[in-house]
Number of protein chains: 2
Amino acid sequence: MLTYELKKLPGMPLYEALYRCIRDDILSGRLQPGEKLPSKRALATNLEVSKITVEGAYEQLLSEGFICSVEKVGYFVEKTDPGFYDRATKNDVTSQNFQKNAATKNDKIFQISEKPEEKSIDLTANFSARFPFSVWSRLQREVMLDLGEKLLSPVPNQGLPELRNAISRQLREFRGMEVDPDNILIGAGTDFLYNLLIQLLGRDKTYAVEEPGYSKIRLIYAAGGVRCVGAPMDRQGVRPETLGDADILHISPSHHFPSGIVTTPGRRQALLQWAKTGEKWIIEDDYDTEFRFSARPTAAMYTMDRAGKVIYMNTFSKTLASPIRISYMVLPPRLMETFRKTLGFYSCTVPSFEQYTLARFLEGGHFEKHINRMRKLYKNRRNRILDAIETCPQAGKMEILEENAGLHFLLKISTQLTDAALTQRFLEAGIRVRSLGSYYHDPAPREDTHILVINYSALTDQETERLEKIFRGS
Amino acid sequence: MLTYELKKLPGMPLYEALYRCIRDDILSGRLQPGEKLPSKRALATNLEVSKITVEGAYEQLLSEGFICSVEKVGYFVEKTDPGFYDRATKNDVTSQNFQKNAATKNDKIFQISEKPEEKSIDLTANFSARFPFSVWSRLQREVMLDLGEKLLSPVPNQGLPELRNAISRQLREFRGMEVDPDNILIGAGTDFLYNLLIQLLGRDKTYAVEEPGYSKIRLIYAAGGVRCVGAPMDRQGVRPETLGDADILHISPSHHFPSGIVTTPGRRQALLQWAKTGEKWIIEDDYDTEFRFSARPTAAMYTMDRAGKVIYMNTFSKTLASPIRISYMVLPPRLMETFRKTLGFYSCTVPSFEQYTLARFLEGGHFEKHINRMRKLYKNRRNRILDAIETCPQAGKMEILEENAGLHFLLKISTQLTDAALTQRFLEAGIRVRSLGSYYHDPAPREDTHILVINYSALTDQETERLEKIFRGS
């Protein structure tokens, strides 16, 4: 177990002292890459500090890339850039940052009356917390009664025709897309589909992903053994002139996470033009389009694609939550043919039972009803949170940047704090949140600092209420 | 559409004439690699021949590697070894084979009274055709009622602890294995898990698979971009001295498919010894161990492994059929640690709902009951088929080679026919079956010809009865 004598220096919070001890141990090699750090609770007990202090230190180490976190497992020491130590000791950027923090200790955001005892409110997760249990359950029983032995027949590797037909109809009615069910491929989650795409499009290709973006996509491409580069964005979307030698572009033009940018029609045309020459493809990740509040969802790029260059992808796991695990993609006919020939041997990863149930759920109009109900619920929750922010004592320092689409918005805060210190302040107030900058693979540009990504979809009603109270000056 | 004038030569069946036309078109390049062949029905209509004739021709082309078949999609021309044409015209092995067929036309196996009108009995498939619907359905309802909102919580990427605990207990009670639930990883099918293993063990490694073997495993490794070599076997199992520079050995020591060989204890020791040196691993695919009739199932190699070199793998999709899609693997602790660090970001591919249901199914003893019921049913079916073979008019020409384990057995037939002609005869009699030789990647050795693989697990009662009748001299 790590043991440090934490000396609290004037103006330096305890979490920073702990952060420095661990950082120094990593830089000096006393803590080796791959080594597991003690759990927050265990370290807190060992050092006789609060769990919040350890959390703050770990959060800081995380945001600076000294450690990484593996869900449900723990924290591990990352490999450190060998030149870092010199640079760090020369410039001591981190220390400077902390000095800045210390200097602006009065840069008050929340009145923290007491150490929060409750579990912090998590604004970093993004999943639906409602599920139409009773309808789903009824459909399951019906499927079992109606189909019986038929459920035992092998499932076509592409997915059941019943479900593919239902998805095709769904896409026609709600996204204006004309999709041949034969070009739809069903899989157990987008992670799995990305892996299939690597095998289909080629491991010798270069994949460009949005910068900033959802870091998991990069991890999957890296694990798949392909070269992955960042595709920089401006307010119109990804800039085609920055794509260099990329062969595949992976984007979410209808609603980019986390910036919220909707790719403009002109930019879409430019990107399609880019894809037209040679063996290039665009993966259009259309996640969360179902949740548009202020306007009709933007049409999918798929509908503009005349050259058969767009691979459309969406998931029901986000809209219907984790009891089911079904995603799908629509391949251009030529790719579908290649898929069948070279990868058609892969068994479908989704059980027939789930596929039949979802097909009936879609055909029966239950999906639409569920989405409408959720949209209302999310809109209401969103408005409550926006209202709390706009009327809070520090409202003058806060600005909502993106509020027209999707299940999150951005909150810009006028502060001298670093992003790390800012998120730490939120954590101390009981709110776990990530900065926009933390979604950058490379350092974030200056204009994208001091912006927090507020994911509210996973909150319970009680949590929403607590969140309002915290903002409202609590 | 392909159009040929099929001239029936004396002693040459029509299917062979068609086979030759298509083969010649492939060799001459008139049919290009990747081209899709017409469906059997369409071609039969076009050429005004029976569907059985086209089936015979396609089967022959398949077994000689001229075309490949993609489930539910069709047949495609394969890339042909450029030297093949010369060799074929020089030696004309195929023609010789056919001459032999012609010469032994009286080598009677079945009395074929009339062209069978019914769908042929498929002895090439291998899946369970019973499912405990009522119990499963009841458990689903219970899970939904008892857990409700809890089903919406994110599932740990490794799989639910409840299911991992249940599997661990299961392995202890039925396979004598001591497995830490923390080392179990749940996934939607073995195809998916093989892909994860490639990412975990390395794409720069060489993977050895059993020769003969289940050809899909080779396809998956090839699609994963890794080098894959054949591991030749004798009656004791894979021979370690043939493994050359392989790093990973993928085997099913408890019951090899299709040979039925059970790897001997001495051979297991030798293979574990092989794995001990350097970064080598053994993937133990323990599929279908549950179905042993004459003896206790052999212990898993996992239990002999002191060095942490065996990755154990099994699936519920085979034992419980396709309405559910759950497989798992047990990783040695060191690999599990690496997995968490490098691939721990992958979301679990199995829905929480299925995982909870299966956990209860295991804990409630329903799996054991189901297996016992199925074992009885399979044993009975197997005995009926064996009995029909042993008392059939041609019994003197037939020998059962492997009858103690698993869901298939081998049938050796004393004949002058080639394997292709032999399976064609069976097809004409209404039985679809594959030869042992067809599971070889390289040409099969002489002693493994004239052996058919009889998979009976997917048959219905009616099909079993028809099969008996066909054998019994129909």
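Residues numbered from 1 in each chain as written. Chains lettered and ligands numbered in written order. Predicted model: local features only at pLDDT ≥ 70, side-chain atom pairs only at ≥ 80, totals over all residues. Heavy atoms only, no water.

Draft legend 1. Main features of the overall build of chain A. Broken down by element type, chain A carries 16 helices and 16 strands. Residues classed as buried in chain A amount to 59% of the 474 residues present. Accessible surface, chain A as shown: approximately 19,800 Å² in total, 49% of it carbon and sulfur. (Helix = DSSP H or I, 4+ residues; strand = E, 2+ residues; numbered from the N terminus. Buried < 20%, exposed > 50% of the residue type's maximum accessible area, 1.4 Å probe, protein only. Areas by Shrake-Rupley, 256 points an atom, 1.4 Å probe, with all protein chains shown as cover.)

Draft legend 2. Broad picture of the sheet that holds strand 13 (residues 408-413) of chain A. All names here are of chain A. The strand order across the open sheet formed by 4 strands is 12-13-16-15, and the pairing between neighbours is antiparallel. Lying at the two open borders of the sheet, with one neighbouring strand each, are strand 12 (398-402) and strand 15 (434-435). Bridge count between strand 13 and strand 16 (residues 451-455): 5 bridges; the pairing is antiparallel. Paired with Phe-409 across the two strands is Ile-454, which belongs to strand 16. (Pairing = 2+ DSSP bridges.)

Draft legend 3. The interface of chain B and chain A, seen in detail. Counting from both sides, the interface comprises 55 residues of chain B and, opposite them, 56 residues of chain A. Summed over both partners, the interface of chain B with chain A comes to about 4,800 Å²; 63% of that surface belongs to carbon and sulfur atoms. Together, B:Phe133, B:Leu152 and B:Phe345 form the three largest contributors to the area buried by chain B at its contact with chain A, with a combined 14%. The interface formed by chain B and chain A contains 0 salt bridges. Summed over the shared surface of chain B and chain A, the number is 16 residue pairs in polar contact (both at pLDDT 80 or more). Contributing elements (two or more residues each) for the side of chain B that touches chain A: helix 6 (133-147), helix 8 (190-201), helix 9 (215-223), helix 12 (333-343) and helix 13 (352-363) of chain B. Top element by residues in the side of chain B that touches chain A is helix 6 of chain B. It accounts for 6 residues. (Contact = heavy atoms within 4.5 Å. Buried area = accessible area lost by both parts, 1.4 Å probe. Salt bridge = Lys/Arg side-chain N within 4 Å of Asp/Glu carboxyl O. Polar contact = N/O pair within 3.5 Å; in protein donor to acceptor, adjacent residues only side chain to side chain.)

Draft legend 4. Looking closely at the packing of aromatic side chains. Following the criterion strictly, the structure yields 33 aromatic pairs over all chains and no others. When the ring of A:Tyr312 is compared with that of A:Tyr328, the centres are 6.4 Å apart and the planes differ by 40 degrees; the resulting orientation is tilted. Highlighted residues: A:Tyr312 in strand 10 (residues 310-315) and A:Tyr328 in strand 11 (residues 327-330), separated in sequence by 16 residues. Given a relative accessible area of 0%, A:Tyr312 falls into the buried group. Both rings, one in B:Phe131 and one in B:Phe133, keep their centres 5.2 Å apart while their planes meet at 70 degrees; by these two values the pair is edge-to-face. If you follow A:Arg434 out to its NZ or CZ, it ends over the ring of A:Tyr439, 3.9 Å from the centre. (Phe/Tyr/Trp six-rings, centres within 6.5 Å; stacked < 30°, edge-to-face > 60°. Lys NZ or Arg CZ within 6 Å of the ring centre and 35° of its normal.)

Draft legend 5. Summary view of the pairing of strand 16 (residues 451-455) of chain B. All names here are of chain B. The element strand 16 is extensively covered by neighbouring structure, given that 5 of its 5 residues are classed as buried. By the alternation rule, side chains of strand 16 split into Ile-451, Val-453 and Asn-455 and Leu-452 and Ile-454, which are all buried. In the sheet, strand 15 (residues 434-435) pairs with strand 16 via 2 bridges, with the strands oriented antiparallel. Bridge pairing in strand 16 places Arg-434 opposite Val-453.

Draft legend 6. Molecular detail of the relation of the copies chain B and chain A. With an axial shift of 0.0 Å and an RMSD of 0.1 Å, the rotation relating chain B to chain A amounts to 180 degrees. Here the transformation between the copies is reduced to the relation of a two-fold axis. When the interface residues of chain B are mapped onto chain A, 100% of them are again interface residues, pointing to one common binding face. (Least-squares fit on C-alpha atoms with pLDDT ≥ 70 in both.)

Draft legend 7. Local environment of the state of the cysteines. All chains considered together, the criterion is met by 0 disulfides over all chains. Take A:Cys68: it sits in no disulfide, and the sulfur closest to it among the cysteines is that of A:Cys228, at 18 Å. (Disulfide = S-S within 2.5 Å.)

Draft legend 8. Examining the packing of helix 13 of chain B against helix 14 (residues 366-390) of chain B more closely. Residue and element names in this part refer to chain B. The interhelical angle for the contact between helix 13 and helix 14, taken along N-to-C directions, is 70 degrees, at an axis separation of 5 Å. It follows from the interaxial angle that helix 13 and helix 14 lie roughly perpendicular. Contact residues: Arg-360, Phe-361 and Leu-362 in helix 13; His-366, Phe-367 and His-370 in helix 14. Here the residues of the contact of helix 13 with helix 14 are counted per class, giving 3 nonpolar, 2 polar and 1 charged. (Axes fitted to C-alpha atoms, helices over the stretch in contact; angles between N-to-C directions. Parallel < 35°, antiparallel > 145°, perpendicular 65-115°, else oblique. Nonpolar A, V, L, I, M, F, W, Y, C, P; charged D, E, K, R; others polar.)

Draft legend 9. View of the nonpolar core. Within the largest apolar cluster, 173 residues are counted, with the highest numbers of intra-cluster contacts made by A:Leu249, A:Ile282, A:Phe316, B:Leu249, B:Ile282 and B:Phe316. Dropping the residues within four chain positions of it, B:Ile282 is found in contact with B:Leu249, B:Ile251, B:Leu271, B:Leu272, B:Trp274, B:Ala275, B:Met301, B:Lys309, B:Val310 and B:Ile311. Counting residues in hydrophobic clusters, the runner-up holds 59 residues, among them A:Leu196, A:Ile311, A:Leu335 and A:Leu343. (Core = buried A, V, L, I, M, F, W, Y, C linked by side-chain atoms within 4.5 Å.)

Draft legend 10. Layout of helix 1 (residues 14-28) of chain B. All names here are of chain B. Taking 1.5 Å per residue, 15 residues should reach 21 Å; helix 1 reaches 21 Å between its end C-alpha atoms and fits that length. Looking at helix 1, one finds that the buried residues are Tyr-15, Glu-16, Ala-17, Leu-18, Tyr-19, Ile-22, Arg-23, Asp-25, Ile-26 and Leu-27. Following helix 1 by one or two positions, Gly-29 has its phi on the positive side, about 90 degrees. (Expected span 1.5 Å × (residues − 1).)

Draft legend 11. Here's a closer look at the environment of B:Val433. All names here are of chain B. With respect to the helices and strands, the residue Val-433 is situated in the loop between strand 14 (431-432) and strand 15. By relative accessible area, Val-433 is classed as buried at 4%. In this structure the C-alpha to C-alpha distance between Val-433 and Ser-120, which are 313 residues apart in sequence, comes to 9.8 Å. Filtering out sequence-adjacent residues up to four positions away, Val-433 remains in contact with Leu-123, Thr-124, Thr-423, Phe-426, Leu-452, Val-453 and Ile-454.

Draft legend 12. Up close: the packing of helix 8 (residues 190-201) of chain A against helix 9 (residues 215-223) of chain A. All names here are of chain A. Packing of helix 8 against helix 9 brings their axes to within 10 Å, and their N-to-C directions diverge by 45 degrees. One element, helix 8, and the other, helix 9, form an angle in the oblique class. Of the two elements, helix 8 crosses helix 9, and the hand of that crossing is right-handed. Note on element contacts: helix 9 touches helix 8 through Lys-216, Ile-217, Ile-220 and Tyr-221, opposite Asp-191, Tyr-194, Asn-195 and Ile-198. (Left-handed = near helix turned anticlockwise from the far one by under 90°.)

Draft legend 13. Layout of the pattern of salt bridges. Applying the stated criterion across every chain yields a total of 40 salt bridges over all chains. Among the ionic pairs, A:Lys40 bridges to A:Glu55, the shortest N-O distance being 3.7 Å. With A:Lys40 in helix 2 (residues 40-47) and A:Glu55 in helix 3 (residues 51-63), the pair connects residues that are 15 residues apart, well separated along the chain. The class for A:Lys40 is buried, based on a relative accessible area of 15%. The salt bridge involving B:Glu241 is made with B:Arg239; its shortest N-O contact spans 3.4 Å. Judged by its relative accessible area of 28%, B:Arg239 falls in the partly exposed class. One network of salt bridges, in which partners are shared, links A:Lys40, A:Glu55, A:Glu59 and A:Arg432.

Draft legend 14. Region of interest: the sheet that holds strand 4 (residues 184-187) of chain B. All names here are of chain B. One open sheet accounts for 8 strands, arranged 4-11-10-9-8-5-6-7; its pairing is mixed. The sheet terminates laterally at strand 4 and strand 7 (237-238), the two strands that pair on one side only. Sheet topology note: the strand 5 (residues 206-211)/strand 6 (residues 227-234) ladder contains 6 bridges and is parallel. Bridge pairing in strand 6 links Glu-210 to Ala-231.

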